[in-house]
Amino acid sequence: MDKTRLKSVVRHRQLRASRMRSSGYVTRGIHIWVSHKCNMACLATAEICDTNARHVESGDLRVLQPVFQIYGQRRAFWGPIVTVKVFEDNVLVREVLETKGEGRVVVIDGGGSLRCALVGGNLGQLAHSMGWNGIVVNGCIRDVDEINGCDIGVRALASHPLKSNKKGTGDKHVSVYVAGTLIRDGEWLYADDDGILVSKFDYLSL
Ligand SMILES: O=C([O-])CC(=O)C(=O)O
Ligand SMILES: [Mg+2]
């Protein structure tokens, strides 16, 4: 099947899936469906792992250690990664979220600090309004009720009521090491109720 035909078949399946809100469609061997729970197309990280076992073996597809809590309206999300590396300071996080998200996911390596929050309700709303799909924090968030009302996916180690420093130290677009996994800016992240994957490859777009 040529690429244009394949695209039209997938588009047709997407439309049918959103009409039926049940059966979904298959792209590159991965089943995508529209879920009432996350109110958007969902993916199965387990299926991505099964279908791409060779990438798991080679290290191109990596599974983050299961250390994250689930927040936000979207239980499943994916997109290209933008990395931010900070420590108990969220100025650079805001700077990134003020830019157009275009369906990307921010990975914030906060060094695993459990001493203050790097993201709260305001940044959650900002992320949604700028078109980010999700935020993964190796650190804490706050304003949990507000974040749970935002139509984005959020993963963090825990919640903490204290705000962070506002000095502006840290780095953007650097490789980070989070939950036992190397994560590079520009790689792809896939998250659902089972866990979080990072890959060199985009498995879901055509
Ligand atoms: O201001 C902060 O540091 C985090 C916060 O509470 C918010 O984003 O609402
Ligand atoms: Mg707040």
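What you see is a predicted model, and the numbers here were worked out from it, not measured in a lab. (Residues numbered from 1 in each chain as written. Chains lettered and ligands numbered in written order. Predicted model: local features only at pLDDT ≥ 70, side-chain atom pairs only at ≥ 80, totals over all residues. Heavy atoms only, no water.)

Each helix and strand counted, the protein chain has 6 helices and 15 strands in total. Counting across all 206 residues of the protein chain, residues that qualify as buried make up 48%. Once local pairs closer than 6 in sequence are excluded, the contacts in the protein chain between residues at least 24 apart make up 69%. When the accessible surface of the protein chain is split by element, carbon and sulfur atoms take 49% of a total near 10000 Å². (Helix = DSSP H or I, 4+ residues; strand = E, 2+ residues; numbered from the N terminus. Buried < 20%, exposed > 50% of the residue type's maximum accessible area, 1.4 Å probe, protein only. Contact = heavy atoms within 4.5 Å. Areas by Shrake-Rupley, 256 points an atom, 1.4 Å probe, with all protein chains shown as cover.)

This part covers the environment of V178. Within the fold, V178 resides in strand β12 (residues 176-178). What makes V178 buried here is its relative accessible area of 1%.

Attention now moves to the nonpolar core. In this structure, V93, L97, I108, V119, I135, V137 and I141 are the most contacted members of the largest nonpolar core, which totals 24 residues. Every element with two or more residues in this core is listed here: β6 (77-85), α4 (91-97), β7 (105-109), β8 (117-119), α5 (121-129), β9 (134-141) and β10 (153-159). Broken down by element, the residue count for this core peaks at 4 residues, all from α4. Of all hydrophobic cores here, the second largest spans 16 residues; its members include I81, L157, V178 and A191. (Core = buried A, V, L, I, M, F, W, Y, C linked by side-chain atoms within 4.5 Å.)

In the numbering used here, UniProt assigns the feature "binding site: substrate" (unreviewed entry) to G120, G121, N122, L123 and R142. For this annotated set, covering 23 residues, all C-alpha atoms fall within 10.2 Å of each other, a compact arrangement in space. With respect to the element layout, G121 can be found in helix α5. Take G121: its relative accessible area is 0%, and that puts it in the buried class. Leaving out residues up to four positions away in the same chain, G121 has contacts with R142, D143, E146, I147 and C150. Take R142: it is sitting in the loop between β9 and α6 (144-148). (UniProt positions renumbered as here; feature names shortened; annotations may be inferred.)

Attention now moves to the site of ligand 1. If you check the shell around ligand 1, you find N90, G120, G121, N122, L123, R142, D143 and K166 and nothing else. Between N122 and ligand 1, the recorded distance is 2.8 Å, taken from a backbone N or O atom to an oxygen atom. Side-chain polar atom of D143 to an oxygen atom of ligand 1: 3.0 Å apart, as the coordinates give it. Relative to its free-state accessible area of 260 Å², ligand 1 is covered by the protein chains to the extent of 89%. Among the residues making up the shell around ligand 1, the classes are represented as 1 nonpolar, 4 polar and 3 charged. (Near = heavy atom within 4 Å. Polar contact = N/O pair within 3.5 Å; in protein donor to acceptor, adjacent residues only side chain to side chain. Nonpolar A, V, L, I, M, F, W, Y, C, P; charged D, E, K, R; others polar.)

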